Amino acid sequence: AKVRRLENEGCLYDYLAENEYFICDPGDYTIEQQISLFSEAEIVVGSHGMGINNVVFSKKIKYLIEIMPTTWNRVSYFRTTQLRDSNYACYWIKPNENNMLCINKEKFITFLEQTLSSPSPTKI
């Protein structure tokens, strides 16, 4: 989406890949493929939007980490994790003058590592 895209999300890819996250854009997959991809996920990390809603397909979800613009206040995915008896954390980012989000890699990685209690679940 134009208003919540991380303009520098690529800076996280090396870290995420090294830590066995599967990096995907759910919109590139059919609904059946999305269900399959997310069905075994224990940790889902992503920007606010329908892509992270695929957490509902997980049979093992432990954490949903949502990246959220500070100008928004949505609780829908928090409520979803409550219904799934899992954990939720939100990483807030202030949009720049072009309404884009620029993530601070070091701060986000610290946040992510401090948030997660288990270093070995399946990750998307």
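In the block above lies the structure referred to throughout.
Residues numbered from 1 in each chain as written. Predicted model: local features only at pLDDT ≥ 70, side-chain atom pairs only at ≥ 80, totals over all residues. Heavy atoms only, no water.

Peer 1: I keep staring at the sheet that holds strand β1 (residues 43–47) and nothing clicks. Help me out?
Peer 2: What links the strands of a sheet is backbone hydrogen bonding, and the strands pair in either a parallel or an antiparallel sense. Taken in spatial order, the three strands line up as β1-β2-β3 in an open sheet, and their pairing is parallel. Of all strands in the sheet, those with a lone pairing partner are β1 and β3 (87–93), marking the two edges. Pairwise comparison of adjacent strand axes, ignoring direction, gives a mean angle of 15° for this sheet. Sheet topology note: the β1/strand β2 (residues 63–69) ladder contains five bridges and is parallel. Its bridge partner lying in β2, Val 45 is registered against Ile 65. Lying over the sheet, helix α3 (residues 76–83) contacts β2 and β3, oriented at roughly 165° with respect to β3. (Pairing = 2+ DSSP bridges. Helix = DSSP H or I, 4+ residues; strand = E, 2+ residues; numbered from the N terminus. Axes fitted to C-alpha atoms, helices over the stretch in contact; angles between N-to-C directions. Contact = heavy atoms within 4.5 Å.)

Peer 1: Would you mind showing me how to read the pairing of β2 here?
Peer 2: Most of β2 is tucked away, with seven of its seven residues classed as buried. With burial as the criterion, each face of β2 is covered, one bearing Tyr 63, Ile 65, Ile 67 and Pro 69 and the other bearing Leu 64, Glu 66 and Met 68. Across seven bridges, the pairing between β2 and β3 is parallel. Its bridge partner lying in β3, Ile 65 is registered against Ala 89. (Buried < 20%, exposed > 50% of the residue type's maximum accessible area, 1.4 Å probe, protein only.)

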